[in-house]
Amino acid sequence: MTIRVAVADDQALVRRGFAMVLGHQPDIEVVAEAGNGREAIDATLEHRPDVVLMDIRMPEMDGLTATAEILDRADWPVKVIILTTFDPDDYVYRALQAGASGFVLKDIPPEQLAPAVRTVVDGGALLDPTITQRLIGRFAETLATDTATARRLDTLTDREREVLVELAKGSSNDQISDTLYIGRATVKTHVSNILTKVGLRDRAQAVVFAYESGLVTPGHHDIGH
């Protein structure tokens, strides 16, 4: 399967650099480029890529607004990867809330870019555990636990909650399997059930949900409720 990618960044050199790196991959095709958020929306709806690399800060319309609109309007399972030049900030956090599948720093080594794209296509999340815990902790600890969000936890079994806690740590399916002493296929089933029951797009949203529901608190990985 060829993975179709769109690249949105207001810096032409950066945009074309990413497109060039990905274009050399046998299983990836760059189908569109965009220089601002509005162009990113139009290009995505026209070309229907599997993945959009989205700069978070662009003129006319920023990547956060564009991400939210794309994920709201797309009638196919497009994934958005946020591009940022520095330590993730509230824009990135809000993009994860909106449904982005993770983020990468713009200085990502070229050899890691294609694997990042493949990861989100395969249903994974691009969330470095250390950075993500700091990022989400920075903002989640300022929020009161949302009662409606917390109630959605009630739909999960005890085992599913345990799996969700592991997801919040950034654990892979193999790591969850080893930690909870359950089969890898069982882990996949639990993750799928969590996403379906709670109404989440992917693992990245599951991590945000784990914090905002109070199941996990910043700096701690114990079950909160």
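Going by the structure above, here's the rest.
Counting starts from 1 at the beginning of each chain's written sequence and moves along it residue by residue. For a predicted model such as this one, the threshold for reporting local features is a pLDDT of at least 70, and the threshold for listing and counting side-chain atom pairs is 80 or more; totals across whole chains, interfaces and linings nevertheless cover every residue. Side-chain metrics in this entry use all non-hydrogen atoms of the structure; hydrogen atoms and water are not considered.

**Some thoughts on unusual backbone geometry**
The phi dihedral of Glu-60 falls on the positive side, at around 70 degrees, and the residue is not glycine. Secondary structure counts use DSSP, requiring at least four H or I residues in a row for a helix and at least two E residues in a row for a strand, with both numbered from the N terminus. Within the secondary structure layout, Glu-60 lies in the loop between strand 3 (51–55) and helix 3 (63–73). We call a residue buried when its accessible area falls under 20% of the maximum for its residue type, exposed when it is over 50%, and partly exposed in between, using a 1.4 Å probe and counting protein chains only. Residue class for Glu-60 comes out exposed when judged on its relative accessible area of 73%. Not every positive phi belongs to a glycine, and Tyr-181 is a case in point at roughly 55 degrees. By the element assignment, Tyr-181 lies in the loop between helix 9 (173–180) and helix 10 (184–198). Of the residues examined, Tyr-181 reaches a relative accessible area of 76% and is grouped as exposed.

**Some thoughts on the pattern of salt bridges**
Throughout this description, the term salt bridge denotes a Lys or Arg side-chain nitrogen within 4 Å of a carboxyl oxygen of Asp or Glu. In the structure shown here, the tally under the stated rule is 14 salt bridges. Residue Lys-106 is joined to Asp-55 by a salt bridge in which the shortest nitrogen-to-oxygen separation is 3.3 Å. A residue pair is termed long-range when its members are at least 10 positions apart, and Lys-106 in the loop between strand 5 (103–105) and helix 5 (110–121) and Asp-55 in strand 3 qualify at 51 residues. In this structure, the salt-bridge partner of Arg-184 is Asp-178, at a minimum N-O distance of 3.7 Å. If you follow the salt bridges from partner to partner, you end up with Asp-9, Asp-55 and Lys-106 in one network.

**With respect to helix 1 (residues 12–23)**
What a helix should span is 1.5 Å times the count of its residues minus one. Look at helix 1: 16 Å from first C-alpha to last across 12 residues, which is about the 16 Å you get at 1.5 Å a residue. Taken residue by residue, helix 1 has Arg-15, Phe-18, Ala-19 and Leu-22 as its buried positions. For helix 1, the angular spread of the buried residues around the axis is 100 degrees, confining them to a single face. More than 90 degrees from the buried face of helix 1, the exposed residues found are Leu-13, Arg-16 and Met-20. Contact partners of the buried residues in helix 1: strand 1 (3–8), strand 2 (28–34), strand 3, strand 4 (79–84) and helix 5. Note: the arc covers the axis-to-C-beta directions of the helix. Residue contacts are defined here by distance: any two heavy atoms, one from each residue, within 4.5 Å place the two residues in contact.

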